[in-house]
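# Chains, contacts and geometry: an overview
What follows is the residue order along each chain.
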Amino acid sequence: MSGTVGQSPAADDPARLLLSRGYLRLLPLSLVLGVPIALASFFFVGLQHWLQHLVWQELPHALGLGRAPWWWPLPALTLAGLILAPIVTRLPGAGGHVPVHGLGGDPVGPRALPGVALAAVLTLPLGVTLGPEAPLMAVGSALALLGVRALRRHPVDPASAKVVATAGSTAAISTILGGPVVAAIMVVEAVGLAGPRLAVLLLPCLTASGAGALVFTGFGHWTGLSTGALALPTVPPDALPDAGDFLWGLPAAALVAVLVSTAHQFGERAHRWTSARATAVRTSACAMAVGVCLTAYALLTGRSPEEAALSGQTTLGQMAEDPRGWSVLALVALALCKALAWGISLGSLRGGPIFPAVLIGVATGLACSGLPGLGAAPAFALGITAAATVVTGQPLTSCVLAVLLLGRDAYNQMPLIVLAAVTALLVSSRLRARPRPGCAPSDA
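Residues numbered from 1 in each chain as written. Predicted model: local features only at pLDDT ≥ 70, side-chain atom pairs only at ≥ 80, totals over all residues. Heavy atoms only, no water.

This part takes up empty space enclosed by the protein. Overall, the coordinates contain three cavities of 30 Å³ or more when judged by the stated rule. Around the largest cavity sit Gly 95, Gly 96, His 97, Val 116, Ala 119, Ala 120, Ala 134, Pro 135, Ala 138, Arg 350 and Gly 351, which together line it. Where the lining of the largest cavity is concerned, the elements lending two or more residues are α4 (113-123) and α5 (133-151). Residue classes in the lining of the largest cavity are distributed as six nonpolar, four polar and one charged. (1 Å grid on protein atoms, 1.4 Å probe; cavity = no way out; pocket = protein on both sides within 12 Å on 5 of 7 lines; lining within 4 Å. Points joined across faces, edges and corners; volume = space filled by probe spheres on them. Helix = DSSP H or I, 4+ residues; strand = E, 2+ residues; numbered from the N terminus. Nonpolar A, V, L, I, M, F, W, Y, C, P; charged D, E, K, R; others polar.)

This is the structure in structure tokens:
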């Protein structure tokens, strides 16, 4: 067919492809699909946030406990494992991508949508140390494919279907990453050095995510419902960077990279262990192990286990509002316990890898901010950037994410943000390149 994106005679010429009939029909289709995907995403993350508040706030108060006690994660995560095990082993799609593999992978089809939605809605609010971004992208791609099948009489060719699914994922993820800019840049870096062909994929993604972000924001103001998106209501006081910020900041970024990379490698081992045999039993065991890590944090610090549980958006906001309200011991315990729980979750549970990694990076950075000459604002900025760079492998996306989270106060921190991304990428690449035990070194 000459009217499709994937089979057009102009497919070898990106400039002609952008003006082809099939591609021009794809742009309004992306705009139309972005609206219902945004509405579905709003209720999806809104329901997660409401259930999270119910489990960690309202239920402890109803039981007369005041706040979640130190032992709260043990039954909560045990229940999460029992819920997730049959979803992973019996439902199509196994509940979505394993988060240790990142946000990518093939688009999630409509058949796998129920398992992805159930895994995210029923287990993430119970304290799983993962974010909503990967399930949200999966829901967006599945809904986009459902929508295009309903709107078009003829079957969609595979290339067009992949573009539509990617646009749906971008529309969904833009709703919790502060708008379409970060989501679009994420697509740019994910595609790589695609040259002029990059616009072929980017324009539908921008169109869908722009419409989705507009609807998502307006609907949020109209209903007054909270979605727990990655945002900072308050940021640490800005300060001009000096020599001390760079003297301590770049080693701190390297430390963040080592911690996040090590936790990620632990997640790879957890995935090999859970997928070897008895998946349901081992999935449940990993969920209980996450509960033990969260309980250990509460016992070590005397603070609420909720700070180390979940995706970390709430705790990140608390740190931004009062960065000096945390002792070094509490920050170190949070970084280590959260990293261990995150690593286990990466290889065995379902969710997104980015949000918890950002909290680990910020906790590590703030723990280093007690060093002479390193301020709280630079430590916060480098923690976000370094952790996001390691977990996504996308330094530009990570820099833009840090800038959008910190707002105008990020202007003075831009040099440190950029250098922290470079440092983190180099350190994490070096760690990945090292031969692992039992593996022969590469000849390259």
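Within the largest apolar cluster, 115 residues are counted, with the highest numbers of intra-cluster contacts made by Met 319, Leu 334, Trp 342, Val 362, Leu 366 and Phe 380. If we skip the residues at most four places from it in the chain, Val 362 touches Leu 316, Met 319, Phe 380, Gly 383 and Ile 384. (Core = buried A, V, L, I, M, F, W, Y, C linked by side-chain atoms within 4.5 Å. Buried < 20%, exposed > 50% of the residue type's maximum accessible area, 1.4 Å probe, protein only. Contact = heavy atoms within 4.5 Å.)

Turning next to the packing of helix α9 (residues 243-276) against helix α13 (residues 354-368). The relative placement of two packed helices comes down to the angle between their axes together with the axis-to-axis distance. One can describe the packing of α9 onto α13 by two numbers: an axis separation of 9 Å at closest approach and a directional angle of 140 degrees. Relative to α13, the element α9 is oriented oblique. With respect to the hand of their crossing, α9 and α13 are arranged in right-handed fashion. For the pair α9 and α13, the contacting residues are Ala 252, Leu 255, Val 256, Leu 259 and Val 260 in the first and Ile 360, Gly 361, Thr 364, Gly 365 and Cys 368 in the second. Within the contact of α9 with α13, the residues separate by chemical class into seven nonpolar, three polar and no charged. (Axes fitted to C-alpha atoms, helices over the stretch in contact; angles between N-to-C directions. Parallel < 35°, antiparallel > 145°, perpendicular 65-115°, else oblique. Left-handed = near helix turned anticlockwise from the far one by under 90°.)

Here we take up unusual backbone geometry. In this structure, Ala 94 is a non-glycine residue whose phi angle is positive, near 55 degrees. Of note, Ala 94 is situated in the loop between α3 (73-90) and α4.

Moving on to the packing of aromatic side chains. Taken as a whole and judged by the stated rule, the model has two aromatic pairs. Ring centres 5.6 Å apart and planes at 50 degrees place the aromatic pair Trp 71 and Trp 72 in the tilted group. Here Trp 71 falls in the partly exposed class, since its relative accessible area comes to 35%. Overall, the relative accessible area of 7% leaves Trp 72 in the buried class. Over the face of the ring belonging to Trp 326 we find Arg 303, whose NZ or CZ atom lies 4.0 Å from the ring centre. (Phe/Tyr/Trp six-rings, centres within 6.5 Å; stacked < 30°, edge-to-face > 60°. Lys NZ or Arg CZ within 6 Å of the ring centre and 35° of its normal.)

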